[in-house]
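Spelled out, the chains give:
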Amino acid sequence: MRKRRRRLKISLAVKCQLLFGAAVVLIIAAALYVPWRRMQQLTSQLNEKAAGAVATNLIAEHVEQQTARRAAALTTLPSQRQSLPVVQDGYPFAPPRIVSAAQVLQSAPAVSRFERSAYGHLVTDREKTFYSQDFFIKDGAWGYRYARPLRATQECAVCHISSVSEATSVLPIFPTRAPTTWPSAKHLPLLGVASVEIPSQIESSQILLNHIFILTAGLVAGTLAIVIFYLITTRLILQPVRVLQETAEKVSQGDLNIRSDIST
């Protein structure tokens, strides 16, 4: 194989054209990457804001229910949240809900794969303020899954953590710390996640149309750039080289009066 590669001779013209062509492709790809990524970021931000608002309402309702339970001194309180799928845009979506760390760690059947994955990512990376995932439904429709971490703040610890032993069994992140000595803010242990599932805020047809526009613009720009670079390399670089080659061949044949007329 190596011998064949060594025997394979590529002319200077072909080398120049290949190199310029590869450079054009890389430049066009790099130029298209920025608007492509920006469009994905804008789409993600719209979904994130919509799902974040639902998660905020969900957490507020949960706190209100827990407060009412403590005020009434009840051990159980029926949930105001429905467990049946919510139909939006003609497609069923899982209702917003709160999944506790105990449910995830005990591998409860009701916990979805996304919720387990979200809990794992949020435990591993404490800098994350949310975890999300796009998913395909059918007929070109897309959905958006969103999980917000529920940290063990003092307000949450009053209701959910009654002892250090309970905290260490459910929350193995800081096994040697009592609830009163846990760190603050984003480094608090994870009590669970607020899970939200909504339809994508941008129609899949619009996303596809935007992708087609970007790819078409890249194809047109790439074609024009390749044609222009081809003309430049052929007329300004390779043609004078061919003239010099022909002149050298004639000189080698004994024609010493020949001259090459090169203006570039």
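Undergrad: Can you break down the overall build of the protein chain residue by residue, with the values?
TA: A tally of regular secondary structure across the protein chain gives 7 helices and 6 strands. Summarising the internal contacts of the protein chain: among those between residues at least 6 apart in sequence, 63% fall at separations of at least 24. When the accessible surface of the protein chain is totalled, it reaches about 17,800 Å², and 59% of it is carbon and sulfur.

Undergrad: Which residues make up the pattern of salt bridges, and what values do they have?
TA: As a working rule, side chains carrying opposite charge can pair if their charged atoms are close by. On inspection of all chains with the given rule, the structure shows 2 salt bridges. For E115, the salt bridge identified is with R97, shortest N-O distance 2.6 Å. Of this pair, E115 sits in helix α4 (residues 113-124) while R97 sits in strand β3 (residues 97-100); the two residues are 18 residues apart in sequence, bridging distant segments of the chain. The salt bridge involving E197 is made with R145; its shortest N-O contact spans 2.9 Å.

Undergrad: Can you break down the pairing of strand β6 (residues 190-199) residue by residue, with the values?
TA: Within β6, 10 of the 10 residues are buried, which leaves the element mostly enclosed by the surrounding structure. Relative to β6, β3 runs antiparallel, the two being bridged by 4 bridges. Residue I98 lies in a different strand from β6, and its bridge partner there is A194. Across 9 bridges, strand β5 (residues 142-151) lies against β6 in antiparallel orientation. When the bridges of β6 are listed, R151 appears paired with L190.

Undergrad: Can you explain the environment of L208? Please cite residues and give values.
TA: Inspection of the secondary structure puts L208 in helix α7 (residues 204-252). Judged by relative accessible area, L208 falls into the exposed class, the value being 52%. Separated by 68 residues in the primary sequence, L208 and G140 place their C-alpha atoms 9.5 Å from one another.

Undergrad: Describe the packing of aromatic side chains, and please don't skip the residues or the numbers.
TA: The full count for this structure, using the stated rule, is 4 aromatic pairs. Seen from their ring centres, F114 and Y131 are 5.7 Å apart, and the 25° between their planes marks the pair as stacked. With F114 in helix α4 and Y131 in strand β4 (residues 131-136), this residue pair connects regions lying 17 residues apart in the sequence. Centroid distance F136 to W142: 5.4 Å. Interplanar angle 70°. Geometry classified as edge-to-face. Looking at R145, its charged tip hangs above the ring of F135, at a distance of 3.8 Å from the centre.

Undergrad: How would you explain the confidence of the model for the protein chain if you had to name every residue and give the values?
TA: Across the protein chain, pLDDT averages 76, with 75% of residues at or above 70. Per-residue pLDDT, averaged within each element of the protein chain, yields its smallest value for helix α6 (residues 164-170) (46) and its largest for α4 (92). Scored below 50 in pLDDT, residues 75-80 makes 6 contacts in the model with residues more than four places away or belonging to other chains. In this model, residues 163-180 is a region of pLDDT below 50 whose contacts with residues beyond four sequence positions or in other chains number 32 contacts.

Undergrad: Hey, could you go over α4 for me, with residue numbers and the actual values?
TA: In this model, α4 (12 residues) spans 17 Å end to end at C-alpha, consistent with the 16 Å of a helix rising 1.5 Å per residue. When we look at burial in α4, the residues that qualify are F114, E115, A118, Y119 and L122. Along the axis of α4, the buried positions cluster into a sector of 135°, meaning they face one direction only. Away from its buried face, by an angle of more than 90 degrees, α4 presents the exposed residues R113 and T124.

Undergrad: Lay out the sheet that holds β6 with the relevant residues and their values.
TA: Strands in a sheet are paired, the pairing made by backbone hydrogen bonds, and the direction either parallel or antiparallel. Pairing in this open sheet of 4 strands is antiparallel, and the strands run β3-β6-β5-β4 from one edge to the other. Each having just a single partner strand, β3 and β4 make up the two edges of the open sheet. When the angles between neighbouring strand axes are averaged without regard to direction, this sheet yields 25°. Contacts from α4 reach β3, β4, β5 and β6, with the element oriented near 45° to β5.

Calculation rules
- Residues numbered from 1 in each chain as written.
- Predicted model: local features only at pLDDT ≥ 70, side-chain atom pairs only at ≥ 80, totals over all residues.
- Heavy atoms only, no water.
- Helix = DSSP H or I, 4+ residues; strand = E, 2+ residues; numbered from the N terminus.
- Contact = heavy atoms within 4.5 Å.
- Areas by Shrake-Rupley, 256 points an atom, 1.4 Å probe, with all protein chains shown as cover.
- Salt bridge = Lys/Arg side-chain N within 4 Å of Asp/Glu carboxyl O.
- Buried < 20%, exposed > 50% of the residue type's maximum accessible area, 1.4 Å probe, protein only.
- Pairing = 2+ DSSP bridges.
- Phe/Tyr/Trp six-rings, centres within 6.5 Å; stacked < 30°, edge-to-face > 60°.
- Lys NZ or Arg CZ within 6 Å of the ring centre and 35° of its normal.
- pLDDT = per-residue confidence, 0-100.
- Expected span 1.5 Å × (residues − 1).
- Arc of directions from axis to C-beta.
- Axes fitted to C-alpha atoms, helices over the stretch in contact; angles between N-to-C directions.

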